[in-house]
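Next come the chains, spelled out residue by residue.
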Amino acid sequence: MKVVAQMGQQSGQTTKTGTAGQDMSLSDRDLLQLALNETKHTAVAVNTYALEASGDALRRDYLTILGDLHSQEKQIFDLMQQKGYYDVKNASPQEISQARSKFSNQAQ
């Protein structure tokens, strides 16, 4: 993904965007978060299109695009984690047990 690769090389830089004379600085973190959010929203839309496609060929095309979007999401997520922008903590065994209990009770 060209944009992600370029952003990865520009660590710490900001991009200035302006409308009507206003400057707005976006950090690499902001840009990556925007890219991740937009990719997620696009994936939701393409998933809907795939579900509603009337022909098999069109459905396959949408599913191919959806797979590409998932790959892009993963690349952006990995870059964000690598840069320390997206910290994910692992659940403890106790938290996993609590979640299992909660959802197994809801399923009954």
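Residues numbered from 1 in each chain as written. Predicted model: local features only at pLDDT ≥ 70, side-chain atom pairs only at ≥ 80, totals over all residues. Heavy atoms only, no water.

Asks: Report on the overall build of the protein chain, specifying residues and quantitative values.
Replies: What the protein chain contains, in helices and strands, is four helices and two strands. Secondary structure of the protein chain in N-to-C order comes out as α-β-β-α-α-α. Counted over contacts in the protein chain with a minimum sequence separation of 6, partners at least 24 positions apart contribute 49%. Roughly 8100 Å² of accessible area belongs to the protein chain as shown, and the carbon and sulfur atoms make up 50% of that amount. (Helix = DSSP H or I, 4+ residues; strand = E, 2+ residues; numbered from the N terminus. Contact = heavy atoms within 4.5 Å. Areas by Shrake-Rupley, 256 points an atom, 1.4 Å probe, with all protein chains shown as cover.)

Asks: Can you tell me about the nonpolar core, naming the residues and giving the values?
Replies: Residues Leu32, Leu36, Ile76, Leu79, Met80 and Tyr85 constitute the largest nonpolar core, which totals six residues. Taken together, the elements giving at least two residues each to this core come down to α2 (28–52) and α3 (56–82). Per-element accounting of this core gives the leading share, three residues, to α3. Sequence-distant contacts of Leu36, that is, excluding residues within four places in its chain, are made with Glu73, Ile76, Phe77, Met80 and Tyr86. (Core = buried A, V, L, I, M, F, W, Y, C linked by side-chain atoms within 4.5 Å. Buried < 20%, exposed > 50% of the residue type's maximum accessible area, 1.4 Å probe, protein only.)

Asks: Help me get a handle on α3, residues and values and all.
Replies: Under the 1.5 Å per step criterion, the end-to-end length of α3 is 39 Å for 27 residues, consistent within 8% with the ideal 39 Å. All buried positions along α3 are accounted for by Leu66, Leu69, Glu73, Ile76, Leu79 and Met80. Of the residues one or two after α3, Gly84 is the one with positive phi, at around 85°. (Expected span 1.5 Å × (residues − 1).)

Asks: Tell me about α2, residues and numbers included.
Replies: Counted at 1.5 Å a residue, the expected span for α2 with its 25 residues is 36 Å, and the 36 Å between its end C-alpha atoms agrees. Residues Asp28, Leu32, Leu36, Thr39, Ala43, Val46 and Ala50 constitute the buried set of α2.

Purely geometric stuff here, so don't read any function into it on its own.
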